[in-house]
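Residues per chain, in single letters:
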There are 4 protein chains.
Amino acid sequence: MKQRVYDANMLLPKYDLVTFTWGNVSEIDREKGLFVIKPSGVDYDQLRPEDMVVVDLKGNVVEGDLNPSSDTPTHMYLYNAFPAIGGVVHTHSPWAVSFAQAGLDLPAFGTTHADTFYGNVPAASALTEKEVTSAYELNTGVVIAREFAKRGLDPMAVPAVLVRQHGPFTWGKDAHDAVHNAKVLEVVAEMDYHSLQLNPHANLQLPQYLLDKHYYRKHGANAYYGQGN
Amino acid sequence: MKQRVYDANMLLPKYDLVTFTWGNVSEIDREKGLFVIKPSGVDYDQLRPEDMVVVDLKGNVVEGDLNPSSDTPTHMYLYNAFPAIGGVVHTHSPWAVSFAQAGLDLPAFGTTHADTFYGNVPAASALTEKEVTSAYELNTGVVIAREFAKRGLDPMAVPAVLVRQHGPFTWGKDAHDAVHNAKVLEVVAEMDYHSLQLNPHANLQLPQYLLDKHYYRKHGANAYYGQGN
Amino acid sequence: MKQRVYDANMLLPKYDLVTFTWGNVSEIDREKGLFVIKPSGVDYDQLRPEDMVVVDLKGNVVEGDLNPSSDTPTHMYLYNAFPAIGGVVHTHSPWAVSFAQAGLDLPAFGTTHADTFYGNVPAASALTEKEVTSAYELNTGVVIAREFAKRGLDPMAVPAVLVRQHGPFTWGKDAHDAVHNAKVLEVVAEMDYHSLQLNPHANLQLPQYLLDKHYYRKHGANAYYGQGN
Amino acid sequence: MKQRVYDANMLLPKYDLVTFTWGNVSEIDREKGLFVIKPSGVDYDQLRPEDMVVVDLKGNVVEGDLNPSSDTPTHMYLYNAFPAIGGVVHTHSPWAVSFAQAGLDLPAFGTTHADTFYGNVPAASALTEKEVTSAYELNTGVVIAREFAKRGLDPMAVPAVLVRQHGPFTWGKDAHDAVHNAKVLEVVAEMDYHSLQLNPHANLQLPQYLLDKHYYRKHGANAYYGQGN
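From a predicted model like this one, the values you see are computed outputs, not experimental measurements.

Caption draft 1: Up close: the relation of the copies chain A and chain B. Expressed as a screw transformation, the operator carrying chain A onto chain B has a rotation angle of 90 degrees and an axial translation of 0.0 Å, and the superposed copies differ by an RMSD of 0.0 Å. Here the copies are linked by what is in effect a four-fold axis. Among all C-alpha atoms of chain A, that of glutamine 197 of chain A lies closest to the rotation axis, at 5.7 Å. The two copies present different faces, since only 6% of the interface residues in chain A are matched by interface residues at the equivalent positions in chain B.

This is how it looks when you write it as structure tokens:
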């Protein structure tokens, strides 16, 4: 699994989603209750599979010589709060960060969005001062889960969030899927930004039936996109 | 022809027109009434010429072990509706999608546009709920052909459309030509976006005589651009 | 000289200034009264030094098996109108085209601009219908020279123009220098676009003394930038 | 140290921070009171470690056959004014230049910013005509130091400035660190530009407690990001 998580981490620079060390990917083994995550602040071109750190669901390092990502408590909280997810990604990809800094949901404007995200990707409420000053990284997970609960969102149907003033977290059935969703998020953010600038006063929101059509064309029992594997 | 269609598909990542598997190219043999299209959801770096799928003009798979692109009914409809075209391309290239999501025609602002597109590239009307919920991909072709009929456009003079809330389809005399047009569309969309932001209140539309000059410099009996072959 | 012009042409794709074949570079031998230019519509990866075409100052092809660039009459007119220039470049580089399509001068906002262009790069007046319908490419040169005369500009101090609804032409002491100026123009257009969007109501124009300082730091008898060669 | 400064200079093209020769990096040996800087106007692909020029803190060339960067007096002034800094970088990176030309501070909108810059990156006041016409490059240093004094900023906490109508200077504990800060500045400028366009009327400024949290997570005695080395 270290190799898998290493490979998923190395997709971040390949997909142009990170500058320097600003990203991390983890994947969980639900049976063992352990997840594997990138170490903190290590350059991608010096990262090795054996550098990956193994952490339990209380945040204790179980295996590894290096410090795990400083965002490890966020990953841990998400694995506990969202039992269906198998991988988590955090990046500072610039288009998604632009929406996070602007405090705006990433709106569902097109089928590119609907193929992956079943509705707007929420900009979570900002952390309060108290949530920032103590257990900050854990509380980042708290505000994400709270936003999904408040809006009644299924985290597997909308596998991404914009943490206000910070940037995106995405997840998926495993680490590779979570990275895929991080890339889709970035591409859609770029498209939506330009659509908003082109036509700021129109209602560009996708109608529900087109959202349904594209999402369920790729997901669930009646999906018919791809080769069925 | 599988090799030709494979080669044309591989131009999409080369020209930066696709993310993941979000694009497809087909080409038709008009004598046989068959077209060759990319399989659905296969990564470009794993695609092989022999994976291409052969489909007839009713949409039946005639040859090939893989599912054809989920957009195959759109390609089929276009080949039936536009008898002069020989190749069709669909992508989610970001600048063209931005206009499609904004619901705006790609305006003819400059000679870069006029060299390839004889007038605005239309944003088609949105599909109705009924058109989305049944035979969606076929109806995508229907709305394209309806838009061209309504506007009285010659599909060979304006070989592109923006499907509302979705993205571009382009076509041409063969698959390679259709890919060329997909790239021109993307480049022009980028230019037009910035011109619109720079000067939103001016009329930037190209005068008819300059549209004529550039289009007919490259197309038709009196063309004098290139080496005449 | 064919080799030199070939090399200068090949810098256009290297500097990301062209899509497909949308660019051309020429250089003149003033003693012989002949210039060498790229052939029309040939892909950059198939271009060879021996394909370059030799043309005299009346526009007659003197040597070469291929048709010269369709913009040859524009190059010819500029060599006649501006006796000090030694090379000419035309591209459809997207940022410069955006200003040309918007019909706006590229303003002198910063030292990046002033290091190369001594003042705004003019957007020339549009060609009239008559100028478009006959001798179009020659008239493109006419409107450029007319704009410089009207504004009293020295073409060696402002070695670039934006042809309305079309794109940039640049020039310089030789072909390589003209390509350099084409790249600077594109970079400055990108910067200026963003500055204009950030602060649309302020006067961002560079004061004359800073324009003087930077321009003359690099040009003329008192230049002290570089290694003095 | 020439090798170190050469290596740091070569990071500028690697990080997409320079066009042509528009950038320079220096590093100081505080014990010897000498700094090493790139020569003026030499192409990056022809630059060699032995070309680096050694300069003292009065601006005299101590070693080297080439002219030092024309910005050498700015570097010298900064080393004298800010005793804690060990390296200086100047570029014309396009996003940072866009803010400099617009005359706007780069605002602290997100954690990407706060991880490196403890507050807004100031746009310095413009040089006066007198400051431009004599000892221009030295006066560029003067206005930077004056801006930091006026605002009461610690140059090690905010290791960057936008010189009005010009572009960014960054610094750090050594040349490599200064280049790192130049890249962060460029990435943050891109993000902030888009956030401002998305939500121009909201107050997007980071609250002090989040600025504190992220800055001190990476800097100072209680830092816990990375591997502690």
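Continuing now.
Caption draft 2: View of the interface of chain D and chain A. Counting residues at the interface gives 33 residues for chain D, matched by 33 residues for chain A. Summed over both partners, the interface of chain D with chain A buries about 2900 Å², with 56% contributed by carbon and sulfur atoms. In terms of surface lost to chain A, no three residues of chain D exceed Leu198, Tyr209 and Gln227 of chain D, which account for 24% of the buried area on that side. The tally of links from chain D across to chain A stands at two salt bridges.

Caption draft 3: Quick peek at the pairing of strand 3 (residues 53-56) of chain C. Residues and elements named next belong to chain C. With burial as the criterion, each face of strand 3 is covered, one bearing Val53 and Val55 and the other bearing Val54 and Asp56. The sheet contact formed by strand 3 and strand 4 (residues 61-63) spans two bridges and is antiparallel. Across the sheet, residue valine 54 finds its bridge partner in strand 4, namely glutamate 63.

Caption draft 4: Structural view of the packing of aromatic side chains. Inspection of every chain in the model, using the stated rule, returns 40 aromatic pairs over all chains. Between the aromatic rings of tyrosine 15 of chain C and phenylalanine 20 of chain D, the centroid separation amounts to 5.5 Å while the plane-to-plane angle is 85 degrees, which identifies the pairing as edge-to-face. In this pair, tyrosine 15 of chain C is assigned in the loop between helix 1 (2-14) and strand 1 (23-29) and phenylalanine 20 of chain D in the loop between helix 1 (2-14) and strand 1 (23-29), connecting two distinct chains. Judged by its relative accessible area of 17%, tyrosine 15 of chain C is buried. The interplanar angle of 55 degrees and the centroid separation of 5.2 Å between the aromatic rings of phenylalanine 82 of chain C and tryptophan 171 of chain C together place this pair among those described as tilted. With a gap of 89 residues between them, phenylalanine 82 of chain C in the loop between helix 2 (72-81) and strand 5 (87-91) and tryptophan 171 of chain C in strand 7 (residues 167-172) connect regions that are remote in the sequence. Here phenylalanine 82 of chain C falls in the buried class, since its relative accessible area comes to 6%. In this structure tryptophan 171 of chain C comes out as buried when scored by relative accessible area, which is 0%. Put simply, the rings of Tyr15 of chain A together with Phe20 and Trp22 of chain B pair up and form one aromatic cluster.

How each quantity is defined
- Residues numbered from 1 in each chain as written.
- Chains lettered and ligands numbered in written order.
- Predicted model: local features only at pLDDT ≥ 70, side-chain atom pairs only at ≥ 80, totals over all residues.
- Heavy atoms only, no water.
- Least-squares fit on C-alpha atoms with pLDDT ≥ 70 in both.
- Contact = heavy atoms within 4.5 Å.
- Buried area = accessible area lost by both parts, 1.4 Å probe.
- Salt bridge = Lys/Arg side-chain N within 4 Å of Asp/Glu carboxyl O.
- Buried < 20%, exposed > 50% of the residue type's maximum accessible area, 1.4 Å probe, protein only.
- Helix = DSSP H or I, 4+ residues; strand = E, 2+ residues; numbered from the N terminus.
- Pairing = 2+ DSSP bridges.
- Phe/Tyr/Trp six-rings, centres within 6.5 Å; stacked < 30°, edge-to-face > 60°.

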